[in-house]
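# Coordinate inspection notes
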Amino acid sequence: MADEVKPLSTQPTLVGEKSGLTSRGSTSSGPSNGILPLHQGDLEQGRAGNGTATGKATSSETTPHVDENGSPTGVARSKTRALFTVRPEGQSGRSGFHPFHFLAITFRSASWVSRIVNVLWPLVPAAIALKYTRNSHHNDLAIFILSYLAMIPCANLIGFAGGELAKKVPHVLGVLLETTLGSIVEIVLFMVLISREPTDKVDYIQVIQAAILGSILATMLLCLGLCFIAGGIKRDEQSFSEAVSEAGSGLLLTAGVGLAIPTIFKSSLKGSFADADLLDQKTIDISRSMAILLIVAYLVFVYFQARTHHGIYDAIFEQDTQRDDDKYKEERQSKLTFVECVIALVISITLVTIIAISLVEQIPYLVHERHVSDAFVGLILVPLVEKAAEHLTAVDEAYDNQMNFALSHVLGATLQTALFNGPLVVLVGWGLGRRMSLSFEVFDLAMLILSILTVGNFLRDQKSNYLEGFLCVTVYVGIAVAAAYFPSPHDRIPGTTATTSGIDVGGGGGHH
């Protein structure tokens, strides 16, 4: 395997190399075995602090001109742009596609948890083979279990390839890229579900609606809780930036209100509206309007983070990079080339699509024959597998003391579901002629709002510990237990959903 760092003679001449500084801040008369020469990345890391390169430079040439925000100015900035288009930590030292390197790196993955997940790869061909060779319905449960488990390594590969690709671009763009690629599994599942016609056994629209809220709850409670616990294993408490937590918690509450509007509208008029079909149509129209507004809000948030205020987030993420416990270990690890990242994404997305179709085909059997409620399938089972990539990435970052990265992935994935993925499926359903709305079960919506308030309270002091993580996980498990007992539509009295004092107060959009 080619060295990950090119020899000094092939490196472009950089300010600071004359003094023989190493990446660990020591000095040397020249390169030696096991010691890396100073990279541009080391200079950038120094700028995030007090404006000097990592290590103590003995020459004024080693201190580039920086502004009050720690950003290079003048000649230093132009040199940075001219010399580097890929961040040093993302350089592989190779180009093109190398099969053996590709397999070795992808199996190694980003953490030991991801490596354990990769053990499930043999289930992928087994799930596909069983789906296309089954000769009776006796294999339906086996197909569902295999497909469900096979989805996990595929999602993990999407997350890993996205993470490798994110290392090659600026920090803010990398976080947005990772979050978007990590949501591909969710988008694929939503598209497969919305393309299905409702049956007398299962209402796919209700499954989607439960999955939208379930995905938000799984990321916001379970994943965030696991991040707090993982970070608290080695530390009494961790701190994170106010810029990340305040923007995220504020947007979460906004998204919760936006998602609640159609449900509250329908619930307040249910029973007093003369024409029930007209009420349903008005609710759908409001849902489509809210879907457009929520997507616009998400795009403004992305523009805010990546364009107008990217300097704030860049500084925050650069500081987290310095705090990474595995920083030097990761710098020496082999990395995927750009071509290999693209190939990994194409393979994993293709497999996810095939397996998602197989998984969705078994939902009617699971609900009708195995008596698993629609609410549990949508609120718990589907979100856990579709968000596996984000969960593994965020927990690993929290364990390595990169809490701002972890929190950005958690809140970013949550906001993408609430402000983009969920509204997107409403608009796609509109185009397909499906009566998809944002009118949720009152139980699901109440749990969402209460969870947003709970998480916002934990984020308020910009500190976390394992106790707060345990409490978040406890709330999620409690919701999962309630969802398991929540009856499916065909098990209820016709014309009723969630009731209070015998008056119908809630209608999920799946019961039109």
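Residues numbered from 1 in each chain as written. Predicted model: local features only at pLDDT ≥ 70, side-chain atom pairs only at ≥ 80, totals over all residues. Heavy atoms only, no water.

### Some points on the overall build of the protein chain
Condition: Secondary structure elements are taken from DSSP: a helix is a run of H or I of four residues or more, a strand is a run of E of two residues or more, and numbering for both begins at the N terminus. Burial here depends on accessible area, computed with a 1.4 Å probe over protein chains only, as a share of the maximum for the residue type. Under 20% is buried, over 50% is exposed, and the range in between is partly exposed. The contact definition used throughout considers only heavy atoms, calling two residues in contact when any of these lie within 4.5 Å. In these tables, accessible area is a Shrake-Rupley quantity obtained with a 1.4 Å probe, and a residue counts as shielded only by the protein chains included in the view.
Within the protein chain, the regular secondary structure consists of 20 helices and 4 strands. Expressed as a percentage of the 512 residues in the protein chain, the buried residues total 53%. Sequence separation of 24 or more characterises 80% of the internal contacts of the protein chain that already satisfy a separation of 6 or more. Accessible area of the protein chain: about 22,200 Å², with a carbon and sulfur share of 63%.

### Overview of the confidence of the model for the protein chain
How we decide: On a scale of 0 to 100, pLDDT captures the predictor's confidence in every residue.
Chain-level statistics for the protein chain give a pLDDT mean of 74 and a share of 72% at 70 or above. The element-level mean pLDDT for the protein chain is lowest in strand 4 (residues 503-506), coming to 37, with helix 20 (residues 466-485) highest at 91. Under a pLDDT of 50 for its full length, residues 1-84 has, in the predicted model, 121 contacts with residues more than four places off or in other chains.

### Remarks on the nonpolar core
Under the convention used in this document: In plain words, nonpolar cores are sets of buried Ala, Val, Leu, Ile, Met, Phe, Trp, Tyr and Cys residues tied together by side-chain atoms within 4.5 Å.
Residues Met151, Leu259, Val377, Leu379 and Leu448 are the most contacted members of the largest nonpolar core, which totals 115 residues. Sort the elements by how many residues they give to this core and helix 9 (residues 204-232) lands first, with 18 residues. Ignoring anything within four residues of it in the chain, the contact list for leucine 448 reads Leu213, Ile216, Leu217, Met220 and Leu259.

### Structural notes on the pattern of salt bridges
Rules: Whenever Lys or Arg places a side-chain nitrogen within 4 Å of a carboxyl oxygen from Asp or Glu, that contact is recorded as a salt bridge.
Under the counting rule described, the total for this entry stands at 4 salt bridges. With its nearest N and O atoms 3.7 Å apart, the salt bridge here joins lysine 131 to glutamate 361. Here lysine 131, found in helix 5 (residues 123-133), pairs with glutamate 361, found in helix 14 (residues 338-361); they are 230 residues apart in sequence, far enough to count as distant. The exposure class assigned to lysine 131 is buried, which follows from its relative accessible area of 16%.

### Some remarks on a nonpolar patch on the surface
Where we set the bar: Excluding any residue in a salt bridge, patches collect residues exceeding 30% relative accessible area, merging like charges within 9 Å and nonpolar Val, Leu, Ile, Met, Phe, Trp and Tyr side chains within 5 Å.
A cluster of nonpolar side chains, namely Phe97, Phe338, Val339, Val342 and Val346, defines an oily patch on the protein surface of about 420 Å² accessible area. Relative to the helices and strands, phenylalanine 97 is located in the loop between helix 2 (74-83) and helix 3 (99-108). Using a relative accessible area of 37% as the deciding quantity, one classes phenylalanine 97 as partly exposed.

### Concerning the state of the cysteines
Quick note on the threshold: When the sulfur atoms of two cysteines come within 2.5 Å, that pair is taken as a disulfide.
Overall, the coordinates contain 0 disulfides when judged by the stated rule. Just so you know, cysteine 223 is unpaired, no disulfide at all, and the nearest cysteine sulfur is the one on cysteine 227, 4.3 Å from it. Taking the relative accessible area as the measure of exposure, cysteine 223 reaches 1% and is therefore buried. Taking the relative accessible area as the measure of exposure, cysteine 227 reaches 1% and is therefore buried.

### Examining helix 5
Residues lying three or four places apart along an α-helix face the same way, a consequence of the helix completing one turn every 3.6 residues. How we decide: Regarding the arc, it is the one traced by the directions from the helix axis to the C-beta atoms.
Among the residues of helix 5, Val124, Ala127 and Lys131 are the ones counted as buried. Angular distribution of buried residues about the axis of helix 5 spans 70 degrees; they occupy a single face of the element. Buried positions along helix 5 lie against helix 6 (140-166) and helix 14.

### Side note on the environment of phenylalanine 338
Here phenylalanine 338 lies in helix 14. By relative accessible area, phenylalanine 338 is classed as exposed at 52%. Along the primary structure phenylalanine 338 and glycine 96 are separated by 242 residues, whereas in three dimensions their C-alpha atoms are 7.6 Å apart. Those residues within four positions of phenylalanine 338 in sequence are excluded, and the remaining contacts are Leu165 and Lys168.

### Here we look at the packing of helix 10 (residues 242-269) against helix 11 (residues 276-308)
Put simply, the rule reads: Only the stretch in contact is used when a helix axis is fitted, and all axes are lines through C-alpha atoms; the angle between N-to-C directions ranges over 0 to 180 degrees. Should an angle lie under 35 degrees it is considered roughly parallel, over 145 roughly antiparallel, and from 65 to 115 roughly perpendicular; all remaining angles are considered oblique. Under the scheme applied here, ten amino acids are nonpolar (Ala, Val, Leu, Ile, Met, Phe, Trp, Tyr, Cys and Pro), four are charged (Asp, Glu, Lys and Arg), and all others, including Gly, are polar.
Here helix 10 crosses helix 11 at 175 degrees, and the two axes come no closer than 9 Å. Judged on the interaxial angle alone, helix 11 and helix 10 are roughly antiparallel. Two secondary-structure elements touch here, helix 10 through Leu251, Gly258, Leu259, Ile261, Pro262, Phe265, Lys266 and Leu269 and helix 11 through Leu279, Asp280, Lys282, Thr283, Ile286, Ser287, Met290, Leu294 and Phe301. Across the contact of helix 10 with helix 11, the residue classes break down as 11 nonpolar, 3 polar and 3 charged.

### A look at the packing of helix 9 against helix 17 (residues 388-399)
In plain terms, the rule: When the near helix sits turned anticlockwise from the far one by under a right angle, the crossing is termed left-handed; a clockwise turn instead gives a right-handed crossing.
At a closest axis distance of 7 Å, the pairing of helix 9 and helix 17 adopts a crossing angle of 30 degrees. Classed by the angle they form, the pair helix 9 and helix 17 counts as roughly parallel. The crossing of helix 9 and helix 17 is right-handed. Only Glu390, His391, Ala394, Val395, Ala398 and Tyr399 of helix 17 make contact with helix 9, whose side of the interface consists of Ala218, Thr219, Cys223, Leu226, Cys227, Ala230 and Gly231. Its residues assigned to classes, the contact of helix 9 with helix 17 comprises 9 nonpolar, 3 polar and 1 charged.

### Here's the deal with the side chain of aspartate 444
Structurally, aspartate 444 is set in helix 19 (residues 442-459). Among the residues examined, aspartate 444 registers a relative accessible area of 4% and is labelled buried. With sequence-adjacent residues up to four places away left out, aspartate 444 is seen in contact with Ala210, Leu213 and Leu379.

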